[in-house]
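Chain and residue survey
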Amino acid sequence: MILPRYHIGPSLIAGAGQGLVLDEPIARGRVITAPDAIPRVHTFEDILAQPDAGTLLPATVRWFEDRYTVTPEWPDECYINHAFEPCALWHLGFVFAVDDLAAGTEITVDYRHLLAPGQEEDFRDAVSGDPIIGFTWKESLRASTTALAALLT
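This is a predicted model, so every value here is computed, not measured. (Residues numbered from 1 in each chain as written. Predicted model: local features only at pLDDT ≥ 70, side-chain atom pairs only at ≥ 80, totals over all residues. Heavy atoms only, no water.)

**Focus: the overall build of the protein**
- Counting its secondary structure elements, the protein contains three helices and twelve strands.
- Since a compact globule built from 153 residues should have a radius of gyration of about 15 Å, the 15 Å found for the protein is in line with a globular shape.
- Along the first, second and third principal axes, the C-alpha set of the protein runs to 40 × 35 × 35 Å.
- Long-range pairs, those at least 24 residues apart, make up 61% of the contacts in the protein between residues at least 6 apart in sequence.
- Side-chain charges of the protein comprise 10 positive and 22 negative groups, with the mean position of each set lying 7 Å from the other. (Helix = DSSP H or I, 4+ residues; strand = E, 2+ residues; numbered from the N terminus. Rg over C-alpha atoms; globule rule 2.2 N^0.38 Å. Contact = heavy atoms within 4.5 Å. Lys, Arg positive; Asp, Glu negative; His and termini not counted. Charge placed at Lys NZ, Arg CZ, Asp CG, Glu CD.)

Encoded structure:
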């Protein structure tokens, strides 16, 4: 569920294709997206065991611990792109604005929170050229909880 008005448009990130772009401003700390209509979660091992695992992985997102959602239908939330210095924070499936965001802002999150521990994304960070490698659950939870607490103070 995407809360502010938005559109899907050309990304400003080299090689990213399309992005999720705000059509209205949103205040720091506000929820941009929230999980909804998630009928099932899977272990990463279960996903890898599927015969079509290669096509499922781009649509796989860690939600919590070793549980992942798979959305091959590619809803609009999937157009949130990666940045090591994102404008939004991924925390347990919710995406929060890290600053006051203007209309026209492309929403980005750090994909290291969404990947399996040690899983390397098929592409590199567009700004630094560094690989995007999944955090452990504890690293992700610690970092996102700390960042969220700072947003709310």
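**With respect to the side chain of His113**
- By the secondary structure assignment, His113 is in the loop between β10 (108–109) and β11 (120–124).
- One polar contact links His113 to Ser140, side chain to side chain, over a distance of 2.8 Å.
- In contact with His113, not counting residues within four places along its chain, are Arg62, Trp90, Phe135, Ser140, Ala143 and Ser144. (Polar contact = N/O pair within 3.5 Å; in protein donor to acceptor, adjacent residues only side chain to side chain.)

**Quick look at the packing of aromatic side chains**
- Taken as a whole and assessed by the stated rule, the structure comprises five aromatic pairs.
- Plain terms: the ring middles of Phe44 and Tyr68 are 5.2 Å apart, the flat faces sit at 45° to each other, and that makes the pair tilted. Taken together, the positions of Phe44 in helix α1 (residues 44–48) and Tyr68 in strand β6 (residues 67–70) put the pair 24 residues apart, joining distant regions of the chain.
- Assessed through its relative accessible area of 2%, Tyr68 is described here as buried. (Phe/Tyr/Trp six-rings, centres within 6.5 Å; stacked < 30°, edge-to-face > 60°. Buried < 20%, exposed > 50% of the residue type's maximum accessible area, 1.4 Å probe, protein only.)

**Let's talk about the nonpolar core**
- The biggest cluster of nonpolar side chains holds 20 residues, and the ones touching the most others in it are Ile32, Ala88, Val95, Leu101, Ile107 and Val109.
- Elements represented by at least two residues in this core include exactly β2 (18–22), β8 (88–91) and β9 (94–97).
- The contact partners of Val95, leaving out residues within four places of it in the chain, are Arg30, Val31, Ile32, Thr33, Ile80, Ala88, Leu89, Trp90, Ile107 and Val109.
- Core analysis: the next-biggest nonpolar cluster, separate from the first, contains six residues, Phe44, Ile47, Leu56 and Val70 among them. (Core = buried A, V, L, I, M, F, W, Y, C linked by side-chain atoms within 4.5 Å.)

**Points about the state of the cysteines**
- Taken as a whole, this structure holds zero disulfides when the rule is applied.
- In this model Cys78 remains outside any disulfide bridge; the closest cysteine sulfur is found in Cys87, 16 Å from its own.
- With relative accessibility at 19%, the residue Cys78 sits in the buried group. (Disulfide = S-S within 2.5 Å.)

**Quick notes on the pairing of β9**
- Sheet topology note: the strand β3 (residues 31–33)/β9 ladder contains two bridges and is antiparallel. Residue pairing in the sheet places Thr33 in a bridge with Val95 of β9.
- Two elements, β8 and β9, share four bridges in a ladder whose sense is antiparallel. Bridging from a neighbouring strand, Trp90 pairs with Val95 of β9.
- Between β8 and β9, which pair antiparallel and follow one another directly, the connecting turn spans two residues, one of which, Leu92, has a positive phi of 55°. (Pairing = 2+ DSSP bridges.)

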